[in-house]
Every structure is written in C-alpha cells, then in structure tokens.
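Chain by chain, the residues:
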Amino acid sequence: SACSYKLRNVDLHPLWRTTIDVPGGSRQSPIDIRVLDSVFHPQLTPIRTQYDPNTCLHIWNNGYSFFVEFDDSTDKSVVSGGPLENPYRLKQFHFHWGVNNDWGSEHTVDSKVFPAELHLVHWNCSKYRTFEEAIMESNGLAVIGVFLKLGKHHEKLQKLVDILPSVRYKDSLTEFNYFDPSCLLPSCNDYWTYSGSLTTPPLTESVTWIMMKKPIEVDHSQLAVFRSLLYTAVGEEEKNMVDNFRPLQPLMNRTVLSTFQ
Ligand SMILES: Cc1ccn(O)c(=O)c1
Ligand SMILES: [Zn+2]
C-alpha cells in the first residue's frame, strides 16, 4: 500500500556511510519535506529554465553518479525566477537512486521515499566567476530536484539511458550532444524551496534547493540501466552503483517555502 515504508537496510557507499557531520552545519541536505510545515509564499514566481541543447558536452561516471556536463562559459543555459535573485548557469545534472524501487531519492516528502531523484545543478554566474568558486558561497548554487517514480516509459530519458553502458566504469567519459534537460522536468510548476547544502563532499552550505512537487515517471527497465553502472574502475572488483544517496539531515532552524497551498 502507499503507506508501506520499508526499513532501508542500505549498504551505503563509503562516501555516505560515515554520517559526515559538517562542523557547525546548520543547513545540510537532504531533508524530509513536511508538507504541512511548509509555508505558502505567493510571491514566489515559477522557475524559468532556458536551456540550449547545443551546450550539452559529455557524460561521465565520476565514481558516485553519472554526470551530464554542460558548457557553462556563456549564459546560454540558465535558470531564473522563483527564489533566485538573478540567473544561474547550468553546469551539470545527475541522479541518485537505490538498489531497488523501494528507495533511492535523497529528499523525502512526509517520509515518502522515491526510487530516484534528479539534480540539475546551476551556479550564480552574476556573483562568481566559476562553479568551483560558487560552491563555497552561501548563494552560490541553485539545484532543481525532481523525484522519479516508477510508471510509464520516459521517451526523452531513453536517449540518456541508451548511452549509459558506455560510461559503466568509474572515470569513463563519452560525448553526449544536443540534449535539453527541461524535457526531464514535470509539467506542473509547483515546488518547495529551502536553503541547504551539497549532498556530497565538500557538503558546503551553498545551495538554494528547488524541489518540484510532481514526480516524473520512468519505467523499470530505465531504472535497471542506472543500477548496471559501476562505482569501480576497469580491472577493479565490480561494485554496482546503487544507493548513492546521502541520509536525511536535521532541518534545524529552517522553513521550507511552497508555491502552492
Ligand atoms: C554539485 C553537486 C554535486 C553532487 N550532488 O549530489 C549535488 O546535488 C550537487
Ligand atoms: Zn545530487
């Protein structure tokens, strides 16, 4: 039933196994979004993405997810609106997923876990010169999070799924061109937003999170290909890339804002 929350007996990747506590961390991610505690903010405008498919460069397996990277040397692919005071440039997108369909997302909604979560990572190009500089600043990054749920086949995602076998091993990279990731966004504009952090080292508290309320649907075979990727490099003992999500972090003194009631 929808309310069956399975206990997660997860064999987390070493990166996340130790509950890495950021000294003085007060705005860590991910969090459980308590819907009734979120505050409706009618002034929040819809998120506006303007992505140029020609800025898509390549895809690579960095040993804890696969990243689709973009040319961020110009303002051709940006996100603006909502809580953002200026445009942020798209740098990369990646996913987090589980070993099975019972878990895999980083954020949860009233403790509901999704089988996977997409992160579209952008940096504040009006204030900082590079992504690497921006990740150290409190308003440096904007990440759009999208939940994935099991359902119908996602046509547009398939172009990405088909290329994943070529980045099966850690440190493998392959060319990947002409892709507009706005096709991975849900049709509904409703979102939550809160101040948080990266969910992988350096875990810096530099992220304005924008979590879309509606999940997108993907089918079982598409998620199965995610799970066929490896944490390990060629020649090493193979370890499947699964459960690459960070455990939930305390909300502390934060309020989650919503664009809907
Ligand atoms: C920059 C960055 C790196 C990893 N993850 O998970 C993120 O969500 C953002
Ligand atoms: Zn992420």
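Residues numbered from 1 in each chain as written. Chains lettered and ligands numbered in written order. Predicted model: local features only at pLDDT ≥ 70, side-chain atom pairs only at ≥ 80, totals over all residues. Heavy atoms only, no water.

Asker: Give me the lowdown on the coordination of the zinc ion (ligand 2), citing residues and values where you can.
Answerer: Each donor-metal-donor angle would ideally measure 109.5 degrees in four-coordinate tetrahedral geometry, or 90 or 180 degrees in six-coordinate octahedral geometry. The protein atoms that coordinate the zinc ion (ligand 2) are His94 (NE2), His96 (NE2) and His119 (ND1), at distances spanning 2.0 to 2.1 Å. The sequence pattern describing where the donors of the zinc ion (ligand 2) fall on their chain is H-x1-H-x22-H. In this pair, His94 sits in strand β7 (residues 88–97) while His119 sits in strand β9 (residues 116–123), placing the two residues 25 residues apart along the sequence. The class of His94 is buried, set by a relative accessible area of 8%. (Donors = N, O, S within 2.8 Å, 3.2 Å for Na, K, Ca; no water. Helix = DSSP H or I, 4+ residues; strand = E, 2+ residues; numbered from the N terminus. Buried < 20%, exposed > 50% of the residue type's maximum accessible area, 1.4 Å probe, protein only.)

Asker: If you had to explain the packing of aromatic side chains to someone new, which residues and values would you point to?
Answerer: For the coordinates displayed, the defined rule picks out 13 aromatic pairs. With a centroid separation of 5.4 Å and 35° between ring planes, the pair formed by Phe66 and Phe95 is classed as tilted. Placement of the pair is Phe66 in strand β5 (residues 66–70) and Phe95 in strand β7, with a sequence separation of 29 residues. Comparing Phe66 with Phe95, the two get one shared label, buried. Taking the centre distance of 5.7 Å and the plane angle of 40° together, the rings of Phe66 and Trp97 count as tilted. Taken as a pair, Phe66 in strand β5 and Trp97 in strand β7 lie far apart in primary sequence, 31 residues in all. (Phe/Tyr/Trp six-rings, centres within 6.5 Å; stacked < 30°, edge-to-face > 60°.)

Asker: Describe the site of ligand 1, listing the residues and the values that go with them.
Answerer: Taken together, the residues surrounding ligand 1 are Gln92, His94, His96, His119, Val121, Phe131, Leu198, Thr199, Thr200 and Trp209. In the model, an oxygen atom of ligand 1 is placed 3.0 Å from a nitrogen or oxygen of the His96 side chain. Measuring from an oxygen atom of ligand 1, one finds a side-chain N or O atom of Thr199 at 3.0 Å. Notes on ligand 1: free accessible area 260 Å², of which the protein chains cover 94%. Of all the secondary-structure elements, those providing two or more residues to the shell around ligand 1 are β7 and β9. Ranked by residues supplied to the shell around ligand 1, first place goes to β7 with three residues. (Near = heavy atom within 4 Å. Polar contact = N/O pair within 3.5 Å; in protein donor to acceptor, adjacent residues only side chain to side chain. Areas by Shrake-Rupley, 256 points an atom, 1.4 Å probe, with all protein chains shown as cover.)

Asker: With reference to specific residues and values, describe unusual backbone geometry.
Answerer: Between Ser29 and Pro30 the backbone carries a cis peptide bond, its omega angle lying at 0°. Topologically, Pro30 is positioned in the loop between α1 (14–17) and β1 (32–33). Pro201 connects to Pro202 through a cis peptide bond whose omega is 15°. Tracing the chain through its elements places Pro202 in the loop between β12 (191–196) and β13 (207–212). Despite not being glycine, Tyr178 has its phi angle at roughly 50°, a positive value. Considering the arrangement of structural elements, one finds Tyr178 in the loop between β11 (173–175) and β12.

Asker: Lay out the side chain of Arg254 with the relevant residues and their values.
Answerer: Following the sequence through the fold, Arg254 ends up in the loop between α4 (220–226) and β15 (257–258). One polar contact links the side chain of Arg254 to the main-chain carbonyl oxygen of Pro250, over a distance of 2.9 Å. Not counting the four nearest positions on each side in its chain, Arg254 is found in contact with Ser26, Arg27, Gln28, Ile31, Tyr194, Ser195 and Gly196. (Contact = heavy atoms within 4.5 Å.)

Asker: Can you lay out the nonpolar core for me, pointing to particular residues and giving the numbers?
Answerer: Formed by 46 residues in total, the largest nonpolar core has its most connected members in Phe66, Phe93, Phe95, Trp97, Ile144, Leu160 and Phe226. The dominant element in this core, judged by the number of residues it contributes, is β7, at five residues. Residue contacts for Phe66: discarding those within four places in its chain leaves Ile59, Trp60, Asn61, Phe93, His94, Phe95, Trp97, Leu160, Leu164, Phe226, Leu229 and Met241. With 22 residues, the next largest nonpolar core counts Ile31, Ile135, Trp209 and Val256 among its residues. (Core = buried A, V, L, I, M, F, W, Y, C linked by side-chain atoms within 4.5 Å.)

Coordinates in, geometry out; function isn't part of it.
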